[in-house]
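Listed below are the residues making up each chain.
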Amino acid sequence: MIVDPSTRPGSSDPERLGSLAVRVYRLCLFAFPRGVRRAHGREMLAVFEALVARRRRKAGAFRAAFFAIRMWIDALSEGWVARIRLRDDGRRGRMLDDLWTDLRHSIRALAKSPVHAFVLVVTLALGVGATTAIFSLLYGVLYTPLPYDDPGELVSVVHRATNVEGVAPRGPGGTDLVDYMDGVPSIDGLGGVQTLETNLNDDDGAARVVMGWTTPDFFQVIGVQASLGRVLRADDWAGADRARMEDPDFTPPPMAVLLSHGLWARRFGEDPDVLGRTLRLNGQAMNVVGVLPPSFRLHMRADAEISPDVDAWALMPVPLIDAGRGLSGLTVIGRLADGATLDRARAEMEGLLEELTAAHEVHARLGTVVEVDPLHDQVVGPAKALLWPLFGAVSLLLLIACVNVANLLLVRASAREREFAVRAALGVGRARVVRQLLTESLVVALLGTGAGVVLALLAVDGLVGLGPANLPRLEAVSLEGSVLWISVVASVMVAVTFGLAPALTSARVSGQSLLSTRGVGTVGPAGVQLRRWLIVGELAVSVVLVAGAGLLVRSFAQLRAVDLGVDPESVVAVDVAVPFFSYRDDATRSAFFVQLAERAQTISGVKAAGVTARLPLEPGSGGTWNAPYAPVGEVIEAEDAPRARYRSMTPGAMEALGLRFREGRGFVAADEQPGDLVSVVVDSGLAGRYWPDGAVGQSLEIRVAGYTGQPSTVQARVVGVTEPARFTSVAEADEPTIYVPYHQFTPVDGTLVLRSDRDAAEIAAEVRSIVGSLDGSVPVFSVRTFGAVVDGATAEARHALWLMGAFAVTALILAAVGLYGVISTLALQRTREIGVRLALGAVGGDIARMIGVDGVRLVVPGLLAGLVLAFLASPLLRALLYQVEPVDPATLGVTVIVLGTVGLVASLLPAARAARMDPVEALREE
Amino acid sequence: MSDASPESFLPLSAPVYGVLLTLGEQAMHGYGIIVEFEARTGQEGALLPGSLYNTLARMLSQGLVEEVPPPEPGRDPRKRYYRATDLGRNVAKAESERLRSLLRLAEERNLGGQPSTA
C-alpha cells in the first residue's frame, strides 16, 4: 500500500513504491515504437516521476497511485496508436524484404520433405473443404429464409384425421377453408394450391406441363409479384360449380393463366408480348396474364404432394365452397396478421374448428384436428435428420484433420530441433527463428486452406448436382462464407500454434545444451505426451465415424433386402395422358386405356403390359385413394369400418409389375365389363384378416372414389390374393390394399407398365406409335425403368451412406497416418536404446515387440474412448437407420476390428523397421 | 511537410492545439508543458506524458515544433526543450480563427454562453 509521506517522514516506502511505479512505466513504454522510445523514453520517465511526485505532494499518495495507473494506461494506449501510425506510414520495404526471405526459406524447407508437406496440405484441404461444403449445404437448406415476402409470417395449415389410420395430414377441406378465411382474426389470408400434370397444346404441338391450381388469394398470401404482367387474383375466376363442370355439353369460358419463367422461355422465347396470348391446357383455353420471376419455386410442406417447379398457374375451377369439409388435396398456407402470434392463431383456429365440429358430423367422424406451424419448419424439417448427423461427422473430420496437422508439425519440429540448435549456436536470434517457423506454418496453412476452398467449391457443386431428391431448397445452397472463414481460421490457428509451440520450446533451450544432448529428448516428455493424447483422441473420433458409416451400410443392406412384393427387373414404364375435355366421360377414358394395354401386350418381346394410375415407389399418391371397405355382413358406413388403399389396374398390369399371387388370378378382359359385381384383388394382409381359409370367391363392399362423380359404394367379389407389395415406401409396409379394375377409376393420366427384356427406348417408340394410332393428340412421356424408380426410392439412404462412408474412410486414413507418424518418431527417438539392446543380444522380435507395444498403448485407449463416444453420439443417427439399432454390437465389433487392425499395421511398420536395424548403425546414429 | 499551408493541418486535435497554445513564444520542456497546460485550463491530468510525447513526436516530424538548446545549460540533462516553429504558430492562429468563426456562429444561435442548469 502507498503511505502518505507526510505521516511518516523519512520513510523509504514512498521512494520504493515510486521507483516501482517508474519501473512499471518503463515497461509500459515498450508499447511505443523503438524510434519514439529512443528519442523520448528517458524524458518521459523523468516527466512521469516528476508528475507522480508533484501529485503526491498536492493530493497524497493514494491519489498519486491512481494518477500513476492512469499514466500507465495512457502510455500503453498511446504506444499502440503510435505503432499503428508508424505501420501505416511506411518502412514497409524492409518488412517486405524480410518476409520474402522467410518465404523463400519456408518453401525451401517444405520442399526438402515434400511428403510431409503434401500430407499436411491435403489434410488441411480435406478438413476445410469437407466442413465448408457440408455446412454450406446445411445452411442453405435449413437456414435460408424462404424467398417470399416476410417469410416469417407464413404458416402451414393442415387437417389431421385422428380417427382414421393411414391418412396423411392434408389441407383443410375447401368449405372449412372458407370458414377459416373469415373467422380467424390472427390470420390475414389463407391460400391453397394443388399441382397436377396436364397437357399443353398450342401451335408448337403437345407437351406435358405441371399445372398449379390455386385458390383466388394464393399469390397475395405468399407475397410474390409477377415479373411481367400480373399474378392471378380473385376476379380471374371464370369457373363454374361442380355440376356444370361435369356436364358434357358445358364448355367453360377462357381462364387466366400465369406462366412460369421457364415455360415463357421454352414456349414463347421470352416474348414480352405474350400477355393476352392463348394456350390450351388440358383442352381448356387460357389467356396469359403474367409471367413469374425466374427464381420462383413452390416451397411447401415436405410431405405435401406438390411439385416445386410449376409451369403454369390458374385458379381452381371449382369454387372452394363446393369443395367439402374435412381433408382436401390442397396444400394450404396462411399469413399471420400484423402483430399476431403463432400461438394465438393456433388457439383461434382450434376454437373455430371446435365450432365446426359441433355443426358438422364429418369432423366428429374423422376426429379432425387443425395444425398450424411455421411454413419454413415444415419445408425443411425432415432434412434435419440427414444434415445434422452429416455436419456432426464432418466436424469430427475437421477435428481429426487439425489433430493430424498438429501431430505432423510436432513430429517435424522434433526432427528439426538440431537444425534450430545449430542456428541458435551460430547466433541467429530467437525472434528470427520463431518468425521463420511462423512463416513456414503459415505457408502450409495457406496452401492447405487454399486447396480446401477449391475443394469446398467443387464439393458444394457436386452435392447440389448429386441433388438428393428429398432435400428441399437446394437452389439456396452456395458456398457459405462464414463457415469457410471459421474453418480456415481454425486450420491456420492449429498450424500456427503447433508450428510455433515447439519452436518456442526449442528456442528457449540454449543451443549449447541441445547440441550436447544430441537430440535424444527432442521436445521432451511433455511434447511426446501431447502427441500420444492427440492420437488417442483421433482414434476415438475415428471410431465414431467408422461406426456411423457401418451402421448406414447395415441399414442400407436391410433396405435393399426388403421384399418389395413386385419385381422391378426388366420393366419399362411410360406415362400417357388424355385431354380431360375430350375424355370427360369415364367409359370413354377407361376404354382408351384398356385398349392401349391390350395393344401394348402385342408388342414383340413384351411378356405382360397394363395400365395403372401410379408406379410403385414413385412419390405421391394421386390416382389412388384411401377408403373404407366391409366384408359382407358388416357396415361400410360404421365409424370403425376398416380402410384400405385402393389402386385401379387394367388386365396385365399386375403381371407386368411382378405382383405375386397367393391364390386366384389377376384381372382379365371380362373384369373390365361393367356388371353388378366388381372383381377385386386384395393383398394377403387384408385377406388373412377376414378369410384365413381362402378369400377367392368371397364378397365385400368397397368404396370407389369416382374420378369426376361422387364416391359410391359397390358390391365386389375377390378373384385373387397377392403378396403384400411396397407401393409407397421401401421402408414401411403399405396399408391393406384393394386392386380394382381400371374402369372403376380412370384418371386422365395413366402409367403403362411393360415387362420386357428389350431396350426402354425401343419399347417407348412402339408405344408412341400405338398411342398415335389411337389418338394423335395424346402425348407419351416420362419413359423410365422400374429399376431406376426403385433406386430413386432408396436414394436418400444411399446418399447418406456415400457421404458418411467417405468421411469414415478419410478419418481412417488420417488416423492411420497420424498413428504411423507418432510410432515412427517414437521408434526413431529410441534408436540409441535399440542399438544398445541389439548390441546386448536382443533379437529383432524383441525390438518389434517393444515398439509394437507403444502402438498398442495408443490403440487400446483410443478404441475404448471411441466406443464411449460412439455410444453417446448414437441417438443422432437414429432417424437415418432402418431396422438397425443405433448401438449395434455387431457394427461396433467390426469397427473395433477394422480400426484395431489399421492401428496395429500403422504401428507394426515402424516396429518392423526398428527390428531390422543394424546395431552399429543405430549406435552411430547417436 | 514544412511547406504545407497552415490550413492543411486543420482542424487540430486537442493535444496539438493545447501544446501550441501552451508553448506560445517560449521554449519549454515536457514537464513544463504539462504543468502550464494544467494551470491554464484548470484541468488536472488533461495532458498525460504518453499523449504528450506521442503528440510532440508527430509535431516534430511535421515541423510544427522544434527542439532548442536549454535556456540555462547544466540543468537536468534529461530535459529537452521545444519551441513552436513559425509554421506551428501560423497553424495555431488558423485554428484559432476557425474556432472564432464557430464561436461567432454559436453566439448568433444563442449557444455561446454557459449551459443552463434546467
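Just above, that's the structure.
Since this is a predicted model, take the numbers as computed values, not measurements. (Residues numbered from 1 in each chain as written. Chains lettered and ligands numbered in written order. Predicted model: local features only at pLDDT ≥ 70, side-chain atom pairs only at ≥ 80, totals over all residues.)

Trainee: Residue-level account of the overall build of chain A, with values.
Mentor: Scanning chain A from terminus to terminus reveals 28 helices and 23 strands. Sorting the 926 residues of chain A into buried and exposed places 44% on the buried side. In chain A, of all internal contacts separated by at least 6 residues, the share reaching a separation of at least 24 is 82%. (Helix = DSSP H or I, 4+ residues; strand = E, 2+ residues; numbered from the N terminus. Buried ≥ 20, exposed ≤ 12 C-beta atoms within 10 Å, placed from the backbone. Contact = placed C-beta atoms within 7 Å.)

Trainee: Please provide a residue-by-residue account of the overall build of chain B, values included.
Mentor: Looking only at helices and strands, chain B features four helices and three strands. Each helix (α) and strand (β) of chain B, taken in turn from the N terminus, gives the series α-β-α-α-β-β-α. Within chain B, the proportion of its 118 residues that are buried is 31%.

Trainee: Which residues make up the interface of chain A and chain B, and what values do they have?
Mentor: Listed as interface residues are 20 residues of chain A and, on the opposing side, 15 residues of chain B. Counting residues per element, the side of chain A that touches chain B draws most heavily on helix H2 (residues 34–59) of chain A, which supplies 11 residues. Per-class residue counts for the side of chain A that touches chain B are 13 nonpolar, two polar and five charged. (Nonpolar A, V, L, I, M, F, W, Y, C, P; charged D, E, K, R; others polar.)

Trainee: Which residues make up the sheet that holds strand E1 (residues 27–29) of chain B, and what are the values?
Mentor: All names here are of chain B. With antiparallel pairing, three strands are arranged side by side in an open sheet as E1-E3-E2. The open sheet has two edge strands, E1 and strand E2 (65–68), and neither has a second partner. Going from strand to strand, the sheet's axes swing by 40 degrees on average, the running direction of each strand aside. Relative to strand E3 (residues 81–84), E1 runs antiparallel, the two being bridged by three bridges. Bridged to His29 within E3 is Tyr81. (Pairing = 2+ DSSP bridges. Axes fitted to C-alpha atoms, helices over the stretch in contact; angles between N-to-C directions.)

Trainee: Tell me about the packing of helix H1 (residues 14–23) of chain B against helix H4 (residues 86–108) of chain B, residues and numbers included.
Mentor: Residue and element names in this part refer to chain B. Running from amino to carboxyl end, H1 crosses H4 at an angle of 115 degrees, the nearest separation of the two axes being 10 Å. Between H1 and H4, the angle falls in the class roughly perpendicular. Helix-helix and strand crossings are classified by hand; for H1 and H4 the assignment is left-handed. Listed contacts from H4 to Tyr17, Leu20 and Leu21 of H1 are Gly88, Val91, Ala92 and Glu95. In terms of residue class, the contact of H1 with H4 is made up of five nonpolar, one polar and one charged. (Parallel < 35°, antiparallel > 145°, perpendicular 65-115°, else oblique. Left-handed = near helix turned anticlockwise from the far one by under 90°.)

Trainee: Can you break down the nonpolar core residue by residue, with the values?
Mentor: Residues and elements named next belong to chain A. Counting residues in each nonpolar core, the largest one holds 168 residues, and the members touching the most others are Val257, Leu397, Val405, Leu545 and Ala811. Counting residues per element, this core draws most heavily on helix H13 (residues 384–415), at 20 residues. Core analysis: the second largest hydrophobic core is formed by 65 residues, Ala600, Val606, Met654 and Phe745 among them. (Core = buried A, V, L, I, M, F, W, Y, C linked by C-beta atoms within 7 Å.)

Trainee: Describe helix H25 (residues 831–839) of chain A, with residues and values.
Mentor: Residues and elements named next belong to chain A. Buried residues of H25: Ile834, Gly835 and Leu838, and no others. End-on, the buried residues of H25 take up no more than an arc of 100 degrees, which puts them together on one face. Positive phi shows up at Gly841, right after H25, with a value of about 110 degrees. (Arc of directions from axis to C-beta.)

Trainee: Go over unusual backbone geometry, please, and point to the residues and values.
Mentor: Most peptide bonds take the trans configuration, and most residues that are not glycine carry a negative phi. The linkage connecting Leu10 of chain B with the following residue, Pro11 of chain B, adopts the cis geometry, with an omega of -10 degrees. Of note, Pro11 of chain B is situated in the segment before H1. Unusually for a residue other than glycine, Leu617 of chain A sits at a positive phi of about 70 degrees. Structurally, Leu617 of chain A is set in the loop between strand E14 (606–612) and strand E15 (624–631).

Trainee: Tell me about the environment of Met44 of chain A, and name the residues and values.
Mentor: Structurally, the position occupied by Met44 of chain A is in helix H2. A count of 28 C-beta atoms within 10 Å places Met44 of chain A in the buried class. The spatial distance from the C-alpha of Met44 of chain A to the C-alpha of Arg26 of chain A is 8.9 Å, given a sequence separation of 18 residues. If near-sequence neighbours (up to four positions away) are discounted, Met44 of chain A is found in contact with Leu29 of chain A together with Pro49 and Tyr53 of chain B.

Trainee: Give a detailed account of the environment of Val856 of chain A, specifying residues and quantitative values.
Mentor: Along the chain, the position of Val856 of chain A falls in helix H26 (residues 844–873). Taking the number of C-beta atoms within 10 Å as the measure of exposure, Val856 of chain A has 14 and is therefore partly exposed.

Trainee: Tell me about the pairing of strand E16 (residues 643–649) of chain A, residues and numbers included.
Mentor: All names here are of chain A. Counting buried residues along E16, six of its seven residues qualify, which places the element largely inside the surrounding structure. Pairing analysis gives five bridges linking E15 to E16, with the strands arranged antiparallel. Considered in E16, the bridge of Ala627 is made with Ala644. Where E16 and strand E21 (residues 737–741) come together, five bridges link them in parallel fashion. The partner of Arg647 across the bridge, within E21, is Tyr739.

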